[in-house]
Amino acid sequence: MILPIYTLGQPVLRKVAENITPEYPNLKELVENMYETMSKADGVGLAAPQVGLPIRLFVIDLDCLSDELPEYKDFRKTFINPEIIEFGGEEESDEEGCLSLPGIHESVKRMNKVHMKYMDENFTEHDEWIGGYEARVVQHEYDHLDGKVFIDRISTLRRQLIKGKINALLKGKAHCNYKVKTPR
Ligand SMILES: [Zn+2]
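The structure displayed is predicted, hence computed values, not measured ones.

*Asks:* Even after reading the chapter, I still don't get the nonpolar core, so can you show me in this structure?
*Replies:* Soluble globular proteins tend to pack their nonpolar side chains together in the buried interior. In this structure, Leu 27, Met 34, Leu 46, Leu 57, Val 59 and Ile 80 are the most contacted members of the largest nonpolar core, which totals 21 residues. Contributions of two or more residues to this core are made by α1 (27-40) and β3 (57-61). Top element by residues in this core is α1. It accounts for six residues. The residues touching Leu 46, leaving out its near neighbours within four places in the chain, are Ile 5, Met 34, Thr 37, Met 38, Val 51, Phe 58, Val 59, Leu 99 and Glu 141.

*Asks:* Whenever I open this one, the pairing of β3 confuses me. Can you help?
*Replies:* Put simply, side chains in a regular strand alternate between the two faces of the sheet. For β3, a buried count of five out of five residues is recorded, marking the element as mostly surrounded by other parts of the structure. Along β3, one buried face is formed by Leu 57, Val 59 and Asp 61 and the opposite face, lined by Phe 58 and Ile 60, is buried too. When strand β2 (residues 45-47) meets β3, the two strands line up antiparallel, connected through three bridges. Considered in β3, the bridge of Gly 45 is made with Ile 60. Alignment of β3 against strand β4 (residues 76-96), held across five bridges, turns out to be antiparallel. Within β4, the position partnered with Asp 61 by the bridge is Arg 76.

*Asks:* Honestly, the packing of aromatic side chains in this entry has me stumped. Any pointers?
*Replies:* Aromatic rings in a pair are described by how distant their centres are and how their planes are angled relative to each other. The tally for this structure, following the rule as stated, stands at three aromatic pairs. Residues Tyr 72 and Phe 75 carry aromatic rings whose centres are separated by 5.1 Å and whose planes lie at 80° to one another, so their mutual orientation is edge-to-face. Aromatic side chains Phe 79 and Tyr 118 sit 4.2 Å apart centroid to centroid with 40° between the ring planes, which places their arrangement in the tilted category. With Phe 79 in strand β4 and Tyr 118 in strand β5 (residues 106-119), this residue pair connects regions lying 39 residues apart in the sequence. Here Phe 79 matches Tyr 118 in class, with each residue buried.

Reading the values: rules and limits
- Residues numbered from 1 in each chain as written.
- Predicted model: local features only at pLDDT ≥ 70, side-chain atom pairs only at ≥ 80, totals over all residues.
- Heavy atoms only, no water.
- Core = buried A, V, L, I, M, F, W, Y, C linked by side-chain atoms within 4.5 Å.
- Buried < 20%, exposed > 50% of the residue type's maximum accessible area, 1.4 Å probe, protein only.
- Helix = DSSP H or I, 4+ residues; strand = E, 2+ residues; numbered from the N terminus.
- Contact = heavy atoms within 4.5 Å.
- Pairing = 2+ DSSP bridges.
- Phe/Tyr/Trp six-rings, centres within 6.5 Å; stacked < 30°, edge-to-face > 60°.

Encoded structure:
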């Protein structure tokens, strides 16, 4: 089932999300719906707050990058109750967008390695260093669980320059070809 994606201005996107247990109601179905919703919207990542749920869960799907990066063929991962242990590598800038901020794309600096502990959809624990493009995506999604969005990480000047777009989103004007739940 395709879920509506909550856009900037929806309070859930600014909440610090809570950990969940394996008993979380209909978890399997929720994860499936999140993959379906993300794929339909051509996203590479989707966090539960973006579908209105303040819980620490996100999914990623990097298969669309596999033409250039074959290691991402069928690359899908579920992250439950993730924790960032430490950052590594070096800082890199790359353009990001977000399904909750349609029409906005900005360059964001992030570390290119991250050591993360998380549970998958079967509540199997993982502890790994994540690098490459995946490191950027998981950091972007992890931010959503802490009530942050990527434009919080751009310069004041850049934010000033895209103020019109931000205000339009806050007023409920979202132009995209997927189902959204706008703040107004
Ligand atoms: Zn996002």
